[in-house]
Amino acid sequence: MAAEDLPSEFDVVILGTGLAESVVAAACSRVGQRVLHLDRRSYYASNWASFTFNGLLTWIQQLQEESQPKEVPDWSSQLEEGEELIYLSSSDSSASICNLQVFCYTSEEDEEEQAPDTTEEETVRAADEDAVQEVSEAESAETREEEERRGADKGQAAQTAGEEPEAESHPHAAPSQSEPAKKKLSYAQLVKEGRRFNIDLVSKLMYSRGSLVDLLIKSNVSRYAEFKNVTRILTYRHGNVEQVPCSRADVFASRQLSVVEKRKLMRFLTSCVEETEEQTAYNGRPYLDFLCDQQLGENLQHFVLHSIAMVTADTPTEEGLASTRQFLRCLGRYGNTPFLFPVYGLGEIPQCFCRMCAVFGGIYCLRHSVHCLLVDKHTNRCKAVIDSRGQRISCSHFVAEASYVGAERKKVATPTRFLSRAVLITDSSVLASDSEQQVSVVTVPPIAAGCPAVKMVELCPSTMTCIPGTYLVHLTCQSIGSAYQDLSPLVTRMFRTVESHDKAETRPAVLWCLYFNMADGSGTEVEGHDLPSNVYVCSGPDGSLGHEHTIKQAEFIFHKILPDEEFCPPAPNPEDIIYDGETTAATGDTQEEEQSPQKQEEEEEETKEEEHLQTEE
């Protein structure tokens, strides 16, 4: 919608299109609230966004360029009696994203496969900038063509949504490990096929019985997206990648465990379903102590601790057991692992909720922002906002992404924590299998003392996030240093790069790699800031694998705004909707039916008169 056409009054104004803000917008719009949803960026989902490869290069270039501080206009002329101004932050996502480093380990142009070369980071940046210039015109048209691309790829997504689609049907399908490729993908090919990538800024999975999946089903928003099962859970141990048995069938089919270990593991997992007095006695003690006392060997301790509970050795027992129960509760709903992943990437989920909001009357404006709030001095409530065009817009409630609130007004209990992220484009899977369409989650324990545990998600081409012949690998951990310092040692161990000491051909080769740090949103509170009482702050992505924190936050904000309304009630199916025109037509038909006896009498009287006249003649 054009900014000049914005109405001057709304019930809720929301700034930022991240997941939490989008869920709040959809929930409010669904129950009849007038919602205005803005974002100063040119794309949806904020730090939850997914980019094409070319779009990611543009995003990197924009962050690396030094942004000049913008002058904030003086809007005091808009003040009415008894009001005061609160200015919002004018900085963009550069405050929450830092330490970007890009590396290219493949050749610039097509050539026969050889020992992988790398360039210095500055050279790679220059190459990326050239690529950005080449695709700038295509990127400007990308927004308009997005829906067409979705439609064109939908058939392929449906075909590859199964566990083992026919990889041979695509001319560029990845070769198996036993048949090495003659050619290696070049950087020019990555740029040329860049629109077929969908690269997430944040790496998460959806628990099949988690709050996000339940909300998607309840609200009928799930109709706007497609999903794939995560097919494997892997772990990195003793320098090798191994598959973790999860379901009963996997446990008994596993060759990594002895018969005694299989029985012990099944007995332990069964005992974890319900809480017992024996378990509560370990509250506050490390989960590893509890596992040792359960007579589990080293193999089983590793699997349970790192791949099922996905916690560390010093995690309290009550937290470790809660994570184990959640894992077990989600098994079997949609497959033999607890996880789902959305086709086209996680950036689709916020857009699905935005679509629901728009269906029920929400108004959207990208590249549009709010400069300041107009606050009633007596009630300490936000009465209106002034947008980036100087228009005064009245509202009853205001919701903003955390990056729009200045640091001087935020209540921060601890210093901002960061996540270390790495995104790799590789030429093969970390664990070869019969199927080349595996979606895997890999847990990597700390490789050395003082190093963080790393969660890795490997996506195959059938997720529509990378091109055939490649895999997209996401690595995430809590930051200790920069993302490169935290994650590059693991990358050089598990993959083939120039820095790798072991250049075995069985390891996947890294074609392109991005490292960056992202602010951890788990420490941001919704309330308690130096802000009006009807202003709520949404945090960015947190470091957990699921979405529980974000969905709980969105529901909390919704009930603060509308305490008596249901959160995201089911949307009606399109075939059940009765439009005004149809209602009027139906009413008209009824009236005609009711008038039909009267018309019959009139017709009978007219017939009698005609007969009488004919008789007189």
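Here, every reference points to the structure presented above.
Described below are features of the structure shown in this document. (Residues numbered from 1 in each chain as written. Predicted model: local features only at pLDDT ≥ 70, side-chain atom pairs only at ≥ 80, totals over all residues. Heavy atoms only, no water.)

Moving on, we get to the overall build of the chain. For the chain, the helix and strand inventory stands at 15 helices and 22 strands. Taken over 617 residues, the chain has a buried fraction of 52%. Residue pairs at least 24 apart in sequence account for 74% of intrachain contacts in the chain once pairs closer than 6 positions are excluded. Of the accessible surface of the chain, which amounts to about 29100 Å², a share of 47% is contributed by carbon and sulfur atoms. (Helix = DSSP H or I, 4+ residues; strand = E, 2+ residues; numbered from the N terminus. Buried < 20%, exposed > 50% of the residue type's maximum accessible area, 1.4 Å probe, protein only. Contact = heavy atoms within 4.5 Å. Areas by Shrake-Rupley, 256 points an atom, 1.4 Å probe, with all protein chains shown as cover.)

Glancing now at the sheet that holds strand E15 (residues 392-394). The antiparallel open sheet is built from four strands, whose spatial order is E4-E13-E14-E15. Looking at the sheet topology across the chains shown, the edges are occupied by strand E4 (83-87) and E15. Strand-to-strand, the axes of this sheet are offset by a mean angle of 30°, without reference to chain direction. In this structure, E4 lies alongside strand E13 (residues 370-376), joined through five bridges in antiparallel fashion. In the sheet register, Ile86 faces E13, and the bridge partner there is Leu373. (Pairing = 2+ DSSP bridges. Axes fitted to C-alpha atoms, helices over the stretch in contact; angles between N-to-C directions.)

One open sheet holds the five strands; their spatial order is E12-E2-E1-E16-E22, and the pairing between them is parallel. The open sheet terminates on both sides in strands that have one partner only, identified here as strand E12 (363-366) and strand E22 (535-538). The mean inter-strand angle of the sheet, taken between neighbouring strand axes irrespective of direction, is 15°. Of the pairings in the sheet, the one linking strand E1 (residues 12-15) to strand E16 (residues 397-401) comprises four bridges and is parallel in character. Considered in E16, the bridge of Leu15 is made with Ala400. Contacts from helix H1 (residues 19-30) reach E1, strand E2 (35-39), E12, E16 and E22, with the element oriented near 160° to E2. The strands touched by helix H14 (residues 548-561) are E1, E16 and E22; relative to E22, the strand with the most contacts, the crossing angle is about 175°.

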